[in-house]
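Observations on the model geometry
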Amino acid sequence: MNNRKNKVLLIYTGGTIGMVQDESGALQPFAMERIYDALPLLHRTNYLIDSRQLDRIIDSSNMTPEFWVDIATIIEQNYDDYDGFVVLHGTDTMAYTASALSFMFKNLSKPIVLTGSQLPLGMLRSDGRENIICALEIASCQQVVIPEVTIFFESHLYRGNRSTKVSAENFDAFSSFNYPSLATAGINISYKKHLFMPMPAGALKVRKCFDRRIAVLKLFPGITPATVQSVVRTPDLQGLVIETFGSGNAPTEHWFIDALQEALDNGVIVFNVTQCKAGAVQMCQYQASCDMDRIGVIGGHDITIEAAVTKMMYLLGSFPGQRDKVRDRLWKNLRGEISMETEVDGEDF
Ligand code: ASP
């Protein structure tokens, strides 16, 4: 029998879970030791927990790719010494960080579980206690190893790059509309192993380059040519994610298609993602997406906006100046973020 205790590294980045009120009553992040004050139970688990925190603890509204790199570096440097990783993170941009990490870690064979809370851990009704303990249990589990970046929140474990924050009020703050949850926590934690990413054969590779020169253009009825052009003409723009209607539809007026054409002529990669929470972009299902298809806009199928933004930054950063490689990988399934049975050729990505 294996008597070795599993080890988990708990990484604190900030967010409500570790916040206290300052004199004015505003919530401010606090230091890692307070997590243990707030949750002495953490000392009594049957796995070992070490902790790190980012040099700067932030409200996740301040999240940037530099912090993603910091989180990934902590995990990479400690990868061989731990069985799993739990990242405590603000809920606001947790789905972006989970998506970014999923792209950065190729051949991940250990669980990275992000969690946070809607109420600070120090408050009586906080959801943080349950979330941290379940996340730690999942990350330390010896019988079931989930080789993925995930989000645990209010009894559900979601694939990170499929998740979206859906509520600023309820404890059930996250959802994954286009992919089922990977596990559910009740009396027991029930794992749906058939939904996990396969255990990789190759060695871990961590890519840490992101290109921030992208924009998101959310369409709405009545959007003006000036608004669209101002986004499309952003100096040095490399990638544009357009949030379209329904199954990927947009105005068919000339000025709109001309603006996208101008972007494409300038070398901008344009990615079409639906504003709908569930379902997928189907280019050319309606006339209202045919022109975009014709000029070379790439359909994002059922990818979330969070995964689309981070994937665009990740691919542009990983393949600088190699637009064909970025274009070819955008619509393919790299880390389970998109429901496509596609393979990227042997090359590293
Ligand atoms: N503003 C906070 C953050 O995302 C909210 C939270 O943690 O839930 O950092």
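Sequence order as written defines the numbering, with residues in each chain counted from 1. At least 70 in pLDDT is required for a residue's local features to be given in this predicted model, at least 80 for side-chain atom pairs to be given and counted, and no such filter applies to totals for whole chains, interfaces and linings, which use all residues. Just so you know, side-chain values use all the structure's heavy atoms and leave hydrogens and water out.

1. Points about the site of the ligand
Proximity is defined per residue: any heavy atom of the residue falling within 4 Å of a molecule or strand makes that residue near it. Close contacts around the ligand come from G15, T16, D59, S60, G90, T91, D92 and S117, and that covers them all. Polar contact is the term for a pair of N or O atoms within 3.5 Å; when the atoms are in protein, one must be able to donate a hydrogen and the other to accept it, and sequence-neighboring residues count only if both atoms are side-chain atoms. Taking D92, its side chain carries an N or O atom lying 2.8 Å from a nitrogen atom of the ligand. Between the ligand and S117 there is a distance of 3.3 Å, counted from an oxygen atom to a backbone nitrogen or oxygen. The Shrake-Rupley method, run with a 1.4 Å probe, gives the accessible areas here. Residue values count only the displayed protein chains as cover. If the ligand stood free it would expose 270 Å²; the protein chains cover 90% of that surface. As a working rule, the residues Ala, Val, Leu, Ile, Met, Phe, Trp, Tyr, Cys and Pro are called nonpolar, Asp, Glu, Lys and Arg charged, and the rest polar, with Gly in that last group. Here the shell around the ligand is built from residues that sort into no nonpolar, six polar and two charged.

2. What about unusual backbone geometry?
Across the chain, the bulk of peptide bonds are trans and the bulk of non-glycine residues have phi less than zero. Even without being glycine, D236 reaches a positive phi, approximately 70°. Here a helix means four or more residues in a row that DSSP labels H or I, a strand means two or more in a row labelled E, and each is numbered from the N terminus. Position of D236 among the secondary structure elements: in the loop between α5 (225-232) and β16 (239-244). The classification of residues rests on relative accessible area computed with a 1.4 Å probe and restricted to protein chains. Under 20% of the type maximum is buried, over 50% is exposed, and intermediate values are partly exposed. Looking at D236, the relative accessible area reads 49%, which means it is partly exposed. Non-glycine residue C284 carries a positive phi angle of around 80°. Considering the arrangement of structural elements, one finds C284 in the loop between β17 (269-274) and α7 (287-295). Since its relative accessible area comes to 35%, C284 is described here as partly exposed.

3. Brief notes about empty space enclosed by the protein
Here the term cavity refers to a set of points on a 1 Å grid, laid over the protein atoms alone, in which a 1.4 Å probe fits but cannot get out; the term pocket refers to an open set having protein on both sides within 12 Å along at least five of seven lines, with lining residues being those that place an atom within 4 Å of a point. Grid points are joined across faces, edges and corners, and a volume is the space filled by probe spheres set on the points. Across all of its chains, the model carries one cavity of 30 Å³ or more by this definition. Of the volumes computed, that of the largest cavity is approximately 130 Å³. Lining of the largest cavity is provided by 16 residues; of these, C276, K277, I303, T304 and I305 occupy positions nearest its centre. Among the elements of the structure, β17 and α8 (305-318) are those that each provide at least two residues to the lining of the largest cavity. A breakdown of the residues in the lining of the largest cavity according to their chemical character gives five nonpolar, six polar and five charged.

This is a description of form; function is not addressed.
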